[in-house]
Amino acid sequence: MAYSKDIILYHYQFSPFAKRIVWYLNFRKIPYSQCLQPVTMPRPDIAALGTNYRRIPIVSIGRDIYNDTRLIIAKLETLFPPSSQHPAISASHFNSSPELKALEILIESWVIDAGMFTRGGQLIPSNMPLLRNEKFIRDREVYTGRSWSKENVERGRPEALVFMRDRFQMVEQTLLSDGRDWILGTKEPSLSDIEAVWVFHWTNGLPGALDSNLISPQHFPKVFAWIKRFDEATKAAMKIQYQGGKPPTFNGAKALDLVSNSDFAEAEGVVDGNDPTGFKKGQQVEVWPTDTGFSNKDKGKLLTLNRLEIVTESQTKSGKTVRVHAPRHGFRIAANDGKESSKM
């Protein structure tokens with residue numbers, strides 16, 4: 001069977017999570033198209049794909065729909081193996097030492113699981129126009145399950161600054177302390193740089209987010225020089241990928257038509273008979289993230305359950321069968337009777 005390689009990235013352009021995927025695709029010279037989305041719900045283009053998932057970004061490859069940036073990157077690593085067309089950027093393909101491979105994984109977890117993005121979000125200045133938009137505030141309160149009032153945002157800022165200062169200091173005094181350009185000592189940015197830099201890059205680009213009395217190029221010259229190098233490298237990679245332009249952009253109807261008339265990106269998997277949840281292939285289940293966006297659940301027939309992912313079957317707005325992929329980490333699966341089964 002000929003599997004689809006056509007990628008559509010559903011995102012809005014200032015999403016820091018989406019930038020992880022844009023950078024990855026451009027550094028590896030993997031072509032993609034985009035379908036731009038509103039910052040707040042509803043997102044009818046995504047709903048039309050057959051998924052209730054509300055976090056950005058989402059990637060479709062043919063009729064496979066991939067949620068969560070960690071799973072997206074893992075799948076791109078598998079579906080687009082290193083070649084002369086798509087250069088390797090991850091430690092697992094560099095013939096690296098076990099220590100460097102482990103470091104890449106640990107950096108990913110250090111940034112996402114250890115609260116760095118959450119703390120970065122608490123540095124969004126309370127006077128930003130978005131934080132005066134009632135629709136945005138209500139949307140993010142539903143998304144995170146916490147208050148986004150001006151008072152609450154300002155209350156969390158001092159702790160967030162202390163947290164981020166510690167993160168800047170750790171990178172300054174360890175990973176970049178010997179004057180190297182890139183985290184793994186490579187000639188070009190690697191996946192480890194993407195995993196490490198994205199929250200630094202995001203907060204540095206938000207006017208007023210970082211307090212220059214605590215966090216500045218004078219305090220952390222190596223980190224700020226690294227952020228600048230990385231930003232320049234991402235812009236250069238985009239120019240090479242699209243000859244100075246931007247990726248093709250489709251509206252929701254065109255994107256849905258392309259997905260609906262594609263093949264799947266990979267073969268259907270199996271349900272691990274030893275999985276501790278005890279679920280069986282074909283069972284009706286629901287799947288949702290446990291940290292944010294937990295009010296939006298995907299429901300469908302279970303197709304695949306393994307260490308990496310949960311895959312359910314769904315239907316697009318046009319009636320075509322799609323497969324919706326979610327990672328095991330940070331997601332919960334339950335029988336569709338509403339009884340929780342696992343956090344795995």
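The rules behind each value
- Residues numbered from 1 in each chain as written.
- Predicted model: local features only at pLDDT ≥ 70, side-chain atom pairs only at ≥ 80, totals over all residues.
- Heavy atoms only, no water.
- Phe/Tyr/Trp six-rings, centres within 6.5 Å; stacked < 30°, edge-to-face > 60°.
- Helix = DSSP H or I, 4+ residues; strand = E, 2+ residues; numbered from the N terminus.
- Buried < 20%, exposed > 50% of the residue type's maximum accessible area, 1.4 Å probe, protein only.
- Lys NZ or Arg CZ within 6 Å of the ring centre and 35° of its normal.
- 1 Å grid on protein atoms, 1.4 Å probe; cavity = no way out; pocket = protein on both sides within 12 Å on 5 of 7 lines; lining within 4 Å.
- Points joined across faces, edges and corners; volume = space filled by probe spheres on them.
- Nonpolar A, V, L, I, M, F, W, Y, C, P; charged D, E, K, R; others polar.
- pLDDT = per-residue confidence, 0-100.
- Contact = heavy atoms within 4.5 Å.
- Salt bridge = Lys/Arg side-chain N within 4 Å of Asp/Glu carboxyl O.

1. A look at the packing of aromatic side chains
Consideration 1: Per the stated rule, a full pass over the model turns up 14 aromatic pairs.
Consideration 2: On the numbers, 4.6 Å between centres and 55 degrees between planes, the contact of Phe-17 with Trp-198 is tilted. With Phe-17 in helix H1 (residues 16-27) and Trp-198 in helix H8 (residues 191-204), this pair connects stretches of sequence that are 181 residues apart.
Consideration 3: The exposure class of Phe-17 is buried, given its relative accessible area of 17%.
Consideration 4: A residue is classified by how much of its surface remains accessible, and Trp-198, at 1% relative accessible area, is buried.
Consideration 5: Here the aromatic rings of Phe-117 and Trp-198 are separated by 5.6 Å at their centres, their planes lie at 25 degrees, and the arrangement is stacked. Within this pair, whereas Phe-117 is found in helix H5 (residues 116-121), its partner Trp-198 is found in helix H8, the two being separated by 81 residues in sequence.
Consideration 6: Site record: aromatic cluster; members linked through ring pairs are Phe-168, Phe-200, Phe-220, Phe-224 and Trp-226.
Consideration 7: Over the ring of Phe-80 we find Lys-5, and its NZ or CZ is 4.9 Å from the ring centre.

2. Some words on the layout of surface pockets
Empty space among the atoms becomes visible once a probe the size of a water molecule is rolled across them.
Consideration 1: By volume, the largest pocket is sized at about 1,100 Å³.
Consideration 2: Along the walls of the largest pocket sit 42 residues, with Pro-16, Phe-17, Phe-117, Tyr-143 and Trp-202 positioned nearest its centre.
Consideration 3: Looking at the lining of the largest pocket, the elements with two or more residues in it are H1, helix H3 (69-79), H5, helix H6 (134-144) and H8.
Consideration 4: For the lining of the largest pocket, the per-class residue count stands at 20 nonpolar, 12 polar and 10 charged.
Consideration 5: Volume-wise, the second largest pocket comes out at about 660 Å³.
Consideration 6: Lining the second largest pocket are 23 residues, and of these Arg-70, Ala-74, Ile-105, Glu-108 and Leu-308 sit closest to its centre.
Consideration 7: Those elements that provide at least two residues to the lining of the second largest pocket are H3, helix H4 (98-112) and H8.

3. Remarks on empty space enclosed by the protein
Consideration 1: A complete count under the given rule lists two cavities of 30 Å³ or more for this structure.
Consideration 2: Computed from the structure, the largest cavity encloses a volume of approximately 40 Å³.
Consideration 3: Around the largest cavity, the lining residues are Tyr-53, Asn-67, Val-287, Trp-288, Pro-289, Asn-296, Asp-298, Val-324, Ala-326 and Phe-331.
Consideration 4: Looking at the lining of the largest cavity, the elements that each hand over two or more residues are strand S5 (284-289) and strand S8 (321-327).

4. Some thoughts on the confidence of the model for the protein chain
Consideration 1: In this model, the protein chain carries a mean pLDDT of 95, and residues with pLDDT of at least 70 account for 97%.
Consideration 2: Segment residues 340-344 is flagged for pLDDT under 50; beyond a separation of four residues in sequence, or across chains, it makes 19 contacts in the model.

5. Quick look at H3
Consideration 1: Within H3, nine of the 11 residues are buried, which leaves the element mostly enclosed by the surrounding structure.
Consideration 2: Here H3 has its buried residues at Thr-69, Arg-70, Leu-71, Ile-72, Ile-73, Lys-75, Leu-76, Glu-77 and Leu-79.

6. Topic: the environment of Asn-152
Consideration 1: When you line up the elements, Asn-152 lands in helix H7 (residues 150-175).
Consideration 2: Judged by relative accessible area, Asn-152 falls into the partly exposed class, the value being 26%.
Consideration 3: Residues Asn-152 and Gln-122, 30 residues apart in the sequence, show an inter-C-alpha distance of 9.2 Å.
Consideration 4: Excluding its chain neighbours within four sequence positions, the residues that come into contact with Asn-152 are Arg-146 and Ser-147.

7. A word on the pattern of salt bridges
Consideration 1: Scanning all chains against the criterion turns up 21 salt bridges.
Consideration 2: Between Glu-77 and Arg-28 there is a salt bridge, and its shortest N-O distance comes to 3.9 Å. Of this pair, Glu-77 sits in helix H3 while Arg-28 sits in the loop between H1 and strand S2 (33-36); the two residues are 49 residues apart in sequence, bridging distant segments of the chain. Comparing Glu-77 with Arg-28 shows no difference in burial state: the two are buried.

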